[in-house]
Amino acid sequence: MKLLYAPTSPFVRKVMVCAHLTGQADQIEWLPSAAHPIRRDDRIAAHNPLAKVPTLILDDGQSLYDSRVICEYLASVAGDTQLFPADAARRWQALMQQALGDGLLDAALLARYERTARPAERQWTDWYDAQLVKVEAGLTAIEAQASALALNPTIGEITLGCALGYLDFRFPELDWPARYPEAARWHGVFRTLPAMQATLPHDA
């Protein structure tokens, strides 16, 4: 398998955490790309019309995207029932946690793009602030359920862990752990898992 990736992407990190947990990390070749909200990368677009990462290219040439689809594919291939539980109640909980983490990341990325991809004279402060309101709302929700989050993770915990890690990476000025102590306590342990340590984001 081949993965079009960016080393800074929290959605790529989700995929690679799942790959590590299901024993498939060494079966994936990383293909460099330059996903950008404005500049379209033809290397990605050749396999994904949205030109976004992560995009997984299977041995038969079929492409899978986005992270939600790829993570479930990896779990299915491995016969893993931990990441996407078979029990209905646990599965819906895991999927809702994934939606919460993905939504927080969507808002954080839009805020970052507003400051890094848009020219300074065109930046909209109200838009930026509105995205951070969503981030804070997401953090409040994570704080409320932090005591029930597991270290033997489903896709829910993986996504929340990657979301919190992205805030550490790109928004250190938010100092979220100071205001959400239960979430910080859980994340402090969760981020030490080998799969999380092996996938730390970094600038190219």
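Bear in mind that the values here come from a model prediction, so they are computed numbers and not experimental data.

Quick word on unusual backbone geometry
- A cis amide bond links valine 53 to the next residue, proline 54, at an omega of 0°.
- Within the secondary structure, proline 54 is located in the loop between α2 (42-45) and β3 (55-57).
- For the bond from tyrosine 65 to aspartate 66, the omega torsion is 0°, close enough to zero to count as cis.
- Along the chain, aspartate 66 turns up in the loop between β4 (63-64) and α3 (67-78).
- Despite not being glycine, alanine 51 shows a phi value in the positive range, around 55°.

Some remarks on the layout of surface pockets
- Volume-wise, the largest pocket comes out at about 1100 Å³.
- Every residue lining the largest pocket is counted, 36 residues in all, and those nearest its centre are Ser9, Ala35, Val53, Leu109 and Tyr113.
- Listing elements by their share of the lining of the largest pocket, those giving two or more residues are α1 (10-21), α3, α4 (88-116) and α6 (155-170).
- Here the lining of the largest pocket gets seven residues from one element, more than from any other, and that element is α4.
- Here the lining of the largest pocket is composed, by residue class, of 20 nonpolar, seven polar and nine charged.
- Of the voids in this model, the second largest pocket is the one considered here, and its volume is about 150 Å³.
- Lining the second largest pocket are Pro37, Ile38, Leu110, Tyr113, Glu114, Ala117, Arg118, Pro119, Arg122 and Trp127.

So, the pairing of strand β1 (residues 2-5)
- One ladder, built from four bridges, connects β1 with strand β2 (residues 29-32); its direction is parallel. Its bridge partner lying in β2, tyrosine 5 is registered against proline 32.
- Crossover connection from β1 via α1 to parallel β2: handedness right-handed.

Quick look at the sheet that holds β2
- Taken in spatial order, the four strands of this open sheet run β2-β1-β3-β4, and their pairing is mixed. Both outer strands of the open sheet, β2 and β4, are each paired with one neighbouring strand and no more.
- Alignment of β3 against β4, held across two bridges, turns out to be antiparallel. Residue pairing in the sheet places isoleucine 57 in a bridge with serine 63 of β4.

Analysis parameters
- Residues numbered from 1 in each chain as written.
- Predicted model: local features only at pLDDT ≥ 70, side-chain atom pairs only at ≥ 80, totals over all residues.
- Heavy atoms only, no water.
- Helix = DSSP H or I, 4+ residues; strand = E, 2+ residues; numbered from the N terminus.
- 1 Å grid on protein atoms, 1.4 Å probe; cavity = no way out; pocket = protein on both sides within 12 Å on 5 of 7 lines; lining within 4 Å.
- Points joined across faces, edges and corners; volume = space filled by probe spheres on them.
- Nonpolar A, V, L, I, M, F, W, Y, C, P; charged D, E, K, R; others polar.
- Pairing = 2+ DSSP bridges.
- Right-handed = clockwise from strand over helix to strand, strands pointing away.

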